[in-house]
Each structure stands twice: as C-alpha cells, then as structure tokens.
Amino acid sequence: MARYEPKTIEPKWQKRWLESGIFKTPLTPGGKSKFYILDMFPYPSAAGLHVGHPEGYTATDIIARMKRMQGHVVLHPMGWDAFGLPAENYAIATGVHPAQTTAQSIAAFKRQIQSLGFSYDWEREIDTTNPNYYKWTQWIFLQLFKKGLAYEAHVPINFCPSCRTGLANEEVHQGGCERCGSAVIKKNMRQWMLRITAYAERLLQDLERLDWPESTLAMQRHWIGRSEGAEIEFRVARFELRVSVFTTRPDTLFGATYLALAPEHPLVDQITSPSKKTAVEAYCQEAQLKTDMERTQVAKEKTGVFTGAGAINPVNGETIPIWVADYILPHYGTGAIMAVPGHDQRDYEFAKKMNLPIKPVARPLEGEAIFERAFEEDGIAINSGEFDGLTTADFKKRMVEWLSKKGVGRPRVSYKLRDWVFSRQRYWGEPIPVVHCQGSCGGVVPVPESGLPVALPDVSRYQPTGTGDSPLSLIESWVKTKCPVCGSAAERETNTMPQWAGSCWYYLRFVDPYNDQAPWDQELQKIWLPVDLYVGGAEHAVLHLLYSRFWHKVLFDLGLVSTIEPFMKLRHQGMILAYSYQDKLGVYHGYDEIDVKDSKAALEATGEELSSRIEKMSKSKKNVVNPDEVIKQWGADTMRLYEMFMGEFELSKPWDMRSIEGVHRFLLRVWRLFDKQTPSLEFQVPSSKSPANTQRPAPSADANLRVRHRTIKLVTERIENFKFNTAITALMEYVNALTAKGAAREDLATLCILLSPLAPHTSEECWEMLGEAPFVSLAPWPVYDEELAVEEKLAIAVQINGRVRETLTLNAGSWTQDQIAAMARENPKIAKYLENAKIQRVVYVPGKIFNFVVANPAVVSE
RNA sequence: GGGUGGAUGGCGGAAUGGUAGACGCUACGGACUUAAAAUCCGUUGGCCGCAAGGCCGUGAGGGUUCGACUCCCUCUCCGCCCACCA
C-alpha cells in the first residue's frame, strides 16, 4: 500500500515535465488552432508569492492544460514585471543594487510558482528589466515620439513628495499617492507626456468588441469620461475678451446666473477689477497651495471670490457676475463654467452660499417643480423665451444650432481622460531614450535605434533628488554625451519610464522572445495575437489595461500589429480574504482556530472571547497565508484544488484552513481508487455487514457508463465557463460513485484525465499506476455522448399547483405526456389531491416536472 | 453622489424560470481499535409528528407566473471602484 506523498511525487513530475519539454510551445501552431492564454505577470516582490497569485495562475493553467489535451496549440507563458519602487526603496535603505534584489525576488517567485506545477513554457520567460527586453520598450517609445504622441511639457503635475516623483493621473487616488498614500501636491515640472487623449474615442468605442467583465468596461468608460455638450462664448463686459465655457446642458443657458473660473484660469488676472485684486489673488494663491486632498476634502463647503467683472449672456444679453471658485477644475472642459444653480447641485450650493440668484428654466415632465435643490433631470423648458415648451433633448439640439449660427458656440465633446505623465524622477526604470542637444539641433533628439538599449547605469546613491531630476542626473559621465545627429555636446534625458511601460507590450514579446532584430516577428504576431484569454486582478482595470490598449492601438496604426485590441477575453479573480481573530483590545491573534488556540485558552479564564471577521490579508492582522507552508503541509495539488474549490472564481472569498482538508481527503480517495495495493475502501475494515475482506471485482466497462459520460460533460463545460468549483464537485461525485460501486479501467482512465488539469501531479502518478504511457498531460481529452450523459433513472416531480407532492422514478427513455399523466393520476398520493378537484390545466416539462393546476384542491388532512 | 457586484443551513458554497441547500467543512451517532489518530457507515435548515406526512424557509416588502434564490418594482445592509469632470 503506497502512501499518497505529494512531497515525493510533485517534484518528481515537475522535473519530468521540464526535462521532457512537453509544455514547450512550438514557434507556430503548424496548422492546428492556437490558444494564447496569459496571466498578468507579477511584480516579483521580496515578500514572495501571496495566495492570491496562484488563484489566477491555477485557473489559467487548468484551462491551458485542458485546451492542450483538446488538441489546441497553447501559448502559456510567464514573466516578471520587475521595474518598480520597492526594489529601489530597498536600495535607498541598504545600498544594495535593485538589480540584485530583483534577481533574488525573481528566483524566489519562480521557485514558488514552479512548485505549483504550472504548465508554462519557461523558455519564453520575460524580465522587463533585462536590457534585451527594455531595448524594445525604448524602441516603442521612440515610435511614439516620432508620431508626435510623446512630447515634453511644462505643466503642473501630480507629485508625490514622499516618493519624490511625478505621478500619472491614474496613480492618484483621492488626492493621495497610490503607492504610499502621501498627499499629492501640484508641481510645475518638465515632463514627458504621452498623448493618450488622441485615442480617447477609439479606446472608448472598441470596448464594445471585448468580452470583459462589465465592471471593468464601466471603469474604463468612466475613466475616459466622454461628455457631449457645447462650448459657449461669453463676452466680458467692458473688455475685448471672451470666456469660453463647456456645458452638457446648453438648454439651460437662460438660467445661467454667474460664470465661474478655475483659480488657474489665464483670464483671471486680466479681468479682475482693481478693488477685488487683493482678494482674488489671495484666493488663487491659497488654492494653489492646497493639495488635491485638501481641495476635495473641503469640497462640502463651496468657496469662491467675485472678480468684479461681468459676462454677457449671448442668448439674452444679460450681464452676470464672473466668480473664481476652486470647485472648477482647470484641466476639464475649458476651466470655466456657466453656472446654472437651478439645474446643477454644485452651482446651487454655491449660489445659496453667495446669495446669487437661482433661476429655474426647466420644469419636470410631471408634477410640480420643487426647488429645494437643483432640478437636474430632463424636463420642459420654461423662462426661456421663444424656446419655452421644448423638451430638454430637443432644446439642447436647438440651442447648439442657434449658438453655431450666431457664431458664439459650437458642439463639443469633452473627455475626463488626460494625457499620460510618462516620466518618473526615479532610478529603477527604463531610461527615456532621448538626448538634449546643446548644439545646432537645439532640443530633443531621439537616440537612434543603433544606440539602443540606453542602458541603465550604476549609481552610487539611489535617493531621488527631489528637485525634479532623477538620480541618473548625478552621473556626469553618463549624462554628458554627444548629439547623435550633429555631434555637439548633449545631455541625456535622466527621467525614467513609469512602472507601467514594460507591461504595455509584454504579451507581444512572448510570441518571439529571443528576437534581437525586432521587438517581434510580423508573421508570428499575426499568428498568435490576440491574447484569447487574459486573467489577472481587477486592480489593473484602468491602469495597465488602459495603457496597454493605448500602446496596442498606436502599434496597430504603425502597422506593427494586426489586431486592434490586445486582449479579447478578460477575467479577474476575486480577492482571497482571510479570517482574523481579534480580542477586546483590538489585538490580532491569527487566521484560524488552530492558530488562535493558545490565545483562546488564555482568554477563557477571563471569560473573554475572540471575535472573528473576514478581512483582507495583511501582516498587521496576522492573517496572511503563506503558499509555501500550505504546499509543505498539503501539497501543491491540494493547494490548487482548494483555491479553485473555495467558491466562484470572480468573487472574493475567505481562506479557511478547515476546508482545505476536504479537498485533500478527496485526493486521498482518488489515490486509493488507483492504488492496487490498497483494498477497496469498503472492505478495508471488516464489519458485520460486509464480512468479506477481499478486493471488489472490477465492474464491466459499461457499469458506470452514464455517470462517466455525465462527468466528462460537466467537467468540460464547467472548466470552459470558469466554474472550477463545480467542476471539482462533479469529480467528487464521480469518485464517490466509483468508491461505492467499483471502478472499471475506463472509469479510472477518464477520472485521471479529467482530474489532470486541476491536480496534475496526482493524476500523472495515478496514470502511471494504471500502467499508461507517461504523461496524462498529453492524453487526448475525452469526448462524451450527449445521450449517455443523462441519468439512467428519470425523477419526475409531480406537483399540485406548483407544490411537489410526489416523485415518479422512471427508466430513462421517451415517455409521452399522456403516459406520465396516467401514472401520476394513479399514484395514491396524487390521487387524493385530485379527488373532487377540477383540473384546469396541466404543465409538463419533459423529464422534470408534471404540474396539475387545479381550482379547488382537496384539503388533505390526516 | 455615480458605477459595479453581493446577501441562500452552524460554516464555505450549489441551483439563472422547473424537486432549494449539490459538493465540501463542522457537529453528533455508529463500525473498526486495548486506546487514539486515520478510515468507513449513518444523521445533520427550522417547526409539528411515534410514523406516514404536513407547515415554514433563499436580506425586507410587493408584483408577474401553473411554478420565482432566479424575472420586474420599492427598500435595507455589505464589498469593490470612482468621485466638485460642469
């Protein structure tokens, strides 16, 4: 009797898979259908793998393995998104070169990932910090530059004083730095920007083609933030100046009672009247000093200051005051608005506070107007002269036409999306491959392709300077160079690219990772793209997934890729949470009953109890589960199976150490079915009921035919549809049936194949025990017969008015409605309900339900 | 405030118009054992009942339907994302 020892069999098969090269993807699919299945590659942190990582990796591995066995040629690679701040911050603290820590982290991550037995083609491994890789990241940047999509700008940007670097709009959350949480300040700095706004419309439109989660599509739509409306020009009274405003409600123009400009608006200085100058300047300066965080926190109370100037409403000639208010964002629309307090809640609040008039210009379609707050819905125009009575939608159109005709307005579409701040004043990133020529070129000169990669030099100190220059600026020998065009003295660009650069195109490099002539081969790109299935965390919904779509579209326009979208189907894994046990004082004690046993016992004396909650895993809550320990205790297959068994893939769910034992027991039961030395379970223990202590004879191949076919069907469909938890329950039921009834060789072979994507090591070992040739991983996936995949016995529920009163058990076959009806009527339990009852109709769902709808069911009392 | 998911036994969850609670965990009872562990068998939503059986039950309330966890309306609570975007 061989024991089930994951510790022995798992490394054994991992070694065999690697040595035999069975998971190596050929250069091309060679006439077969391709399947490109990709994980969001990880940032290899020093903390090691989190149990959340393997959830997605296991899912893709299961599908990759099944697809491979179904005859597809599968591209399933893995790599490392290795530039980033943690390694750099560690370097600042210790002086250890980030390349060194990164290499260590990659090695640790790789060991952990490999210990789970994923079927990656490791020969295609990518590391974004490898010069052979980032050479091409820089090359793509130069293509963007040549197309005018990368440009230098001196604009106020979000700057994190703690990380001492500029940030992209997408990296700021509620006014704070995404990474460290510090309040972000505005800083005017020279920046490299990418013109992502030029692609706003296409990034929005093409979302419709994608099989992505609705929430992610919604986030991208929201982030792009398209609004249709109009730009309207107001003359400034007593000046030869005009102020343009953007509005989505041109129909409310009659209701504009003031104009508001952002404090940063360029006209503020020009129009402010002398008597207001001091107050306005003070207000604008204060707004400048406020961080975004403060500016939004104070958002509840509107503030502003009157400029003393007036604007003339083009539609009725009324003069309305111009205010400055910091609830107007400088970078959206025109940085100025026409305020309509009657129909915009923010303007309403401002008007109330400043005692400005509120003029309703629309009424609800039905009911009375109540003006305790702004009426923001669509309605019917009032107080709007000749336009009275128009619906909001019609009025919008008419007003835009009118404005266009008069030359004081035009239709306009605005986007919330802003250009991507692409430079970082940090060390551990790809150098931006340009030089600043001090000679006749006099400006930015791209490094020619022959000069790539612009290698990241070693530095003596990694500390960001905080002055807007990266640590690279301190290496004079590196900074001082010659202009590649005119040969004059030149300085290298010292900013580096953001974390997101490398991940913008890695899926392309996987199709051709060793190419040193081009980032990828044209033919190979045509063959393998797009990525058929992409799996990773939802936290990248607007960062990585938007940036890489943008790059992909640029590459498409350059003729370098032939699909307009990179990732056709996307799924996110749900977050893995954990129990945390906390005492009255708020001290955390661990993540499961065993872990907190001692604490519990100690508290028992005082009568105090630990409260448990489901929360995100974090060190401070002492509820972080270490994958290494899980594998050590239970084995990789149990870990894989448990991660999939926990619940719906896309939902968050808590880790429960008690439940993991259940799937482990399942593997033990599987093992015993195969292990010839082990007596069949029922006879292992002699009992009075079954005295024979003998091996149960194997049943005929047909004995479990139906359950076998049904299991094939269920497992296949459920894996295909990401229902891994119920794919496992189907296998559990099959194993329970085989344990009870005995298993034919066909059953064992089928079980082994079906289980192999989920628990590959155990399956390989069982396959070997069956005496089959090596590698169940290469076995063809079984097909099922639809007719055989139904139960042998039909159970038809017979209902009276929708309530089940009896179940008829019949042999599978074609039964007519009349036959079923006759049997149901004859059934005594049903008959007693039908006595004296008037049957109005019957509903028959073949093979499932037979329902008598009766007017006056007999009252059955016992 | 906007978006997007979710709420089902003691617990994790199954069932997307057709027998609610599959599968797993826990607990209890039994077998085996000197004993324990492991393993196996049985029970395990609630209430009434010796039983047969009946009634109630999927966050709350209403609706559609022969039939609703599932569809529609109203509401409550929770997660995640975004948020003064005119």
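Described in the following lines is the structure provided in the data block. A quick note: this is a predicted structure, and the numbers were derived from the prediction, not measured. (Residues numbered from 1 in each chain as written. Chains lettered and ligands numbered in written order. Predicted model: local features only at pLDDT ≥ 70, side-chain atom pairs only at ≥ 80, totals over all residues. Heavy atoms only, no water.)

## Quick notes on the sheet that holds strand β19 (residues 420-421)
Stage number 1. The four strands lie next to each other as β6-β5-β9-β19, forming an open sheet whose pairing is antiparallel. The outermost strands of the open sheet, each flanked by one partner alone, are β6 (165-167) and β19.
Stage number 2. Two strands pair when backbone bridges link them, and strand β9 (residues 185-194) and β19 are joined in this way by two bridges, in the antiparallel orientation. Note that in β19 the partner of Met 193 across the bridge is Val 421. (Pairing = 2+ DSSP bridges. Helix = DSSP H or I, 4+ residues; strand = E, 2+ residues; numbered from the N terminus.)

## Details of the packing of helix α2 (residues 52-69) against helix α22 (residues 705-720)
Stage number 1. The N-to-C vectors of α2 and α22 enclose an angle of 125 degrees; their axes lie 10 Å apart at closest approach. Judged by the angle between their axes, α2 and α22 are oblique. For the pair α2 and α22, the crossing hand works out as left-handed. For the pair formed by α2 and α22, the contact residues are Ile 62, Ile 63, Met 66 and Lys 67 on the first element and Thr 716, Ile 719 and Glu 720 on the second. (Axes fitted to C-alpha atoms, helices over the stretch in contact; angles between N-to-C directions. Parallel < 35°, antiparallel > 145°, perpendicular 65-115°, else oblique. Left-handed = near helix turned anticlockwise from the far one by under 90°. Contact = heavy atoms within 4.5 Å.)

## Regarding the protein's contact with RNA strand B
Stage number 1. Close to RNA strand B lie 62 residues; His 173, Ser 227, Thr 248, Arg 346 and Lys 416 are nearest.
Stage number 2. A distance of 2.9 Å separates a base nitrogen of RNA strand B from a polar atom in the backbone of Leu 329.
Stage number 3. Among the residues making up the surface near RNA strand B, the classes are represented as 25 nonpolar, 20 polar and 17 charged. (Near = heavy atom within 4 Å. Polar contact = N/O pair within 3.5 Å; in protein donor to acceptor, adjacent residues only side chain to side chain. Nonpolar A, V, L, I, M, F, W, Y, C, P; charged D, E, K, R; others polar.)

## Side note on helix α16 (residues 544-557)
Stage number 1. If you check α16, its first and last C-alpha atoms are 20 Å apart, about what 14 residues at 1.5 Å a residue would give, namely 20 Å.
Stage number 2. For α16, the set of buried residues is His 544, Leu 545, Leu 546, Tyr 547, Ser 548, Arg 549, Phe 550, Trp 551, His 552, Lys 553, Val 554 and Leu 555.
Stage number 3. A positive backbone phi angle near 75 degrees is found at Gly 559, which sits one or two residues after α16. (Expected span 1.5 Å × (residues − 1). Buried < 20%, exposed > 50% of the residue type's maximum accessible area, 1.4 Å probe, protein only.)

## Considerations on the sheet that holds strand β26 (residues 576-582)
Stage number 1. Ordered in space as β27-β26-β28, the three strands form an open sheet in which the pairing is mixed. Of all the strands in the sheet, the pair left with one neighbour each is β27 (611-616) and β28 (653-655). Direction aside, neighbouring strands of the sheet carry axes that sit 45 degrees apart on average.
Stage number 2. Two strands pair when backbone bridges link them, and β26 and β27 are joined in this way by six bridges, in the antiparallel orientation. Bridge assignment links Tyr 581 to a residue of β27, and that residue is Ser 612.

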